[in-house]
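# Observations on the three-dimensional arrangement
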Amino acid sequence: MVTADAVLNTHTNDEHNPWKNAAIRFENAAARLKLDDGMRKILKTPAKELTVAIPVVLDDGRIEVFTGYRVQHSIARGPAKGGIRYAPDVSLDEVRALASWMTWKCAVVNLPYGGGKGGVICDPAILSPTELERITRRYTAEILDIIGPEKDIPAPDMNTNEQTMAWIMDTYSMHKRQTTTGVVTGKPLDLGGSRGRPEATGRGCLYVTRESLKRFDIAPTDAKVVIQGFGNVGGMAARLMSREGIKVIAIIEVDGAVHNENGLDIEALMKHRRETGSILDFPEAQNLTSEEGFRLKCDVLLPAAKENVITSANAASLNCKIICEGANGPTTAPADQILADRGIFVVPDILANAGGVTVSYFEWVQDRQGYFWNEKLVNERLEEIMVNSFYDVLKYAREHTVENRTAAYMLALDRVAFAIKLRGLYA
Ligand code: NAD
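For the structure given in this document, a descriptive report is provided here.

Each value, and the rule that gives it
- Residues numbered from 1 in each chain as written.
- Predicted model: local features only at pLDDT ≥ 70, side-chain atom pairs only at ≥ 80, totals over all residues.
- Heavy atoms only, no water.
- Core = buried A, V, L, I, M, F, W, Y, C linked by side-chain atoms within 4.5 Å.
- Buried < 20%, exposed > 50% of the residue type's maximum accessible area, 1.4 Å probe, protein only.
- Helix = DSSP H or I, 4+ residues; strand = E, 2+ residues; numbered from the N terminus.
- Domains from an automatic or database assignment.
- Contact = heavy atoms within 4.5 Å.
- Salt bridge = Lys/Arg side-chain N within 4 Å of Asp/Glu carboxyl O.
- Near = heavy atom within 4 Å.
- Polar contact = N/O pair within 3.5 Å; in protein donor to acceptor, adjacent residues only side chain to side chain.
- Areas by Shrake-Rupley, 256 points an atom, 1.4 Å probe, with all protein chains shown as cover.
- Nonpolar A, V, L, I, M, F, W, Y, C, P; charged D, E, K, R; others polar.
- Pairing = 2+ DSSP bridges.
- Axes fitted to C-alpha atoms, helices over the stretch in contact; angles between N-to-C directions.

### A few points about the nonpolar core
One recurring pattern in soluble globular proteins: nonpolar side chains tend to sit buried together. Counting residues in hydrophobic clusters, the biggest one holds 85 residues, and the most contacted among them are Leu-43, Trp-104, Ile-251 and Leu-413. Per element, the largest residue contribution to this core is 10 residues, and it comes from helix α15 (residues 404-423). Taken domain by domain, this core gets at least three of its residues from each of domain 1 (46-182) and domain 2 (200-352). Discounting residues that sit within four places of it in the chain, Leu-43 has contacts with Phe-26, Leu-35, His-73, Trp-104, Leu-413, Val-416, Ala-417 and Ile-420. Judged by nonpolar contacts, the second largest core, of 24 residues, contains Leu-127, Ile-135, Tyr-139 and Ile-168.

### Some remarks on the pattern of salt bridges
Applying the stated criterion across every chain yields a total of 32 salt bridges. Here Glu-267 and Arg-243 are joined by a salt bridge, their closest N and O atoms 3.9 Å apart. Taken together, the residues span a long stretch of sequence, with Glu-267 in helix α9 (residues 266-276) and Arg-243 in helix α8 (residues 232-243) at a distance of 24 residues. Owing to a relative accessible area of 59%, Arg-243 belongs among the exposed residues under this scheme. Among the ionic pairs, Arg-405 bridges to Asp-349, the shortest N-O distance being 3.8 Å. Placement of Arg-405 in helix α15 and of Asp-349 in helix α12 (residues 349-352) is noted, with a sequence separation of 56 residues between them.

### With respect to the site of the ligand
Around the ligand, a shell composed of 21 residues is seen, among which Thr-201, Asn-232, Val-233, Glu-253 and Asn-328 lie nearest. Separating an oxygen atom of the ligand from a backbone N or O atom of Gly-326 is a distance of 3.5 Å. Considered on its own, the ligand offers 830 Å² of accessible surface; in the complex 72% of this is hidden by protein. At the level of secondary structure, the elements contributing two or more residues to the shell around the ligand comprise α8 and β7 (247-253). When grouped by side-chain class, the residues that make up the shell around the ligand number 7 nonpolar, 8 polar and 6 charged.

### Quick word on the sheet that holds strand β8 (residues 256-259)
On the basis of which strands lie adjacent, the open sheet formed by 7 strands has the order β9-β8-β7-β6-β10-β11-β12 and mixed pairing. Each end of this open sheet is capped by a strand with a single partner; those strands are β9 (286-288) and β12 (345-347). For this sheet, the mean inter-axis angle between neighbouring strands, taken without regard to orientation, is 20°. For β8 and β9, the ladder comprises 3 bridges, and the chain directions are antiparallel. Across the sheet, Val-258 pairs through a bridge with Asn-287, a residue of β9.

The following block contains the structure:
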């Protein structure tokens, strides 16, 4: 067993390095599975990493050169799959970690995909829509050789959206001289997108939360949930949970939290934020600091904002029974042990937020079929995959006497290693 301290120097910011956190979880699972050294080397080494220069003419006529990455961590089980993020602090290490998480996530829910991720170092807040379009098209042209419906299928991630996907699809299609909708997912509905995709990650969180509550004999209508992040994942999860009668008692955002012990009116809170630009000062709720929100007594804490929010510094002060990781990497490796010692039931990110990639898979299938499903069918198939995967992970945890995160990694590594063994090594 590799301890977090053996890999991380917790006196530095290493606890927040996603690639190191990914490495700790990987090593723990690989050791439990008794994977041999050769297989470990294959599984942890990204299959392909591309760094590209993206020269772009800005609106004022100046030329700027941006840096972009596309990492394919594994293509053992199928084409690489994973989003593209635009942010000033994107790094190759971050993209590597995210790509490896996509490999494990797709394997946990048993999709026929490997894992990939992309990123461009830029600040979308200071770029115009036309500048973003030029960056997106040139980045697409630079990575064109390694993406494609059978090779690597990007999707939206931080600061990229349906429009970004439409530009990528169009640029790719122009080069291929044919409209190829299946090259990206998360597209607008009119360009081969799937019904149910915007809600899919939040909906997946709802399904695994519902199953987790059963383990504590808590009826959904008695359950109290605190959610961090009121964006795509957190907002949708809040909306869907409150529709099921689950009480969302607090929402934590960048500028603070709002709390009502009897449950917040989520639709009204969404309207309040649209009108005022903030969730704070919502009628019939009390303003709290983010830290106070995190410490509230609740049944489920659903971090759905960003990475590294549950750390060795605050894991001991959480007051929940269940953590459902809507965000990618919200818990650092050193915090894992603290949560395990406290008996907190964790639904790890590679399972909890897999609803998004699952419906992305449905989108890709529909594009290839040229036949589109209604929302009921999308949601039914999503529920089946999420619930089955939840119990697959729990079964693994029970059989190997490990906590859920290690079980999810073990299940994923086992599936990818098996595919590699079946394929054999081409030399
Ligand atoms: P988003 O940008 O739509 O929403 C994020 C929300 O979190 C925003 O409202 C933002 O204001 C808030 N936020 C940011 N920093 C915060 C902080 N320090 N404290 C409290 N709130 C904060 O993003 P999203 O698509 O909802 O993604 C959220 C997380 O879920 C990310 O980690 C992402 O990688 C992960 N994820 C998203 C999807 C998806 O389908 N969108 C799928 C899988 C995983």
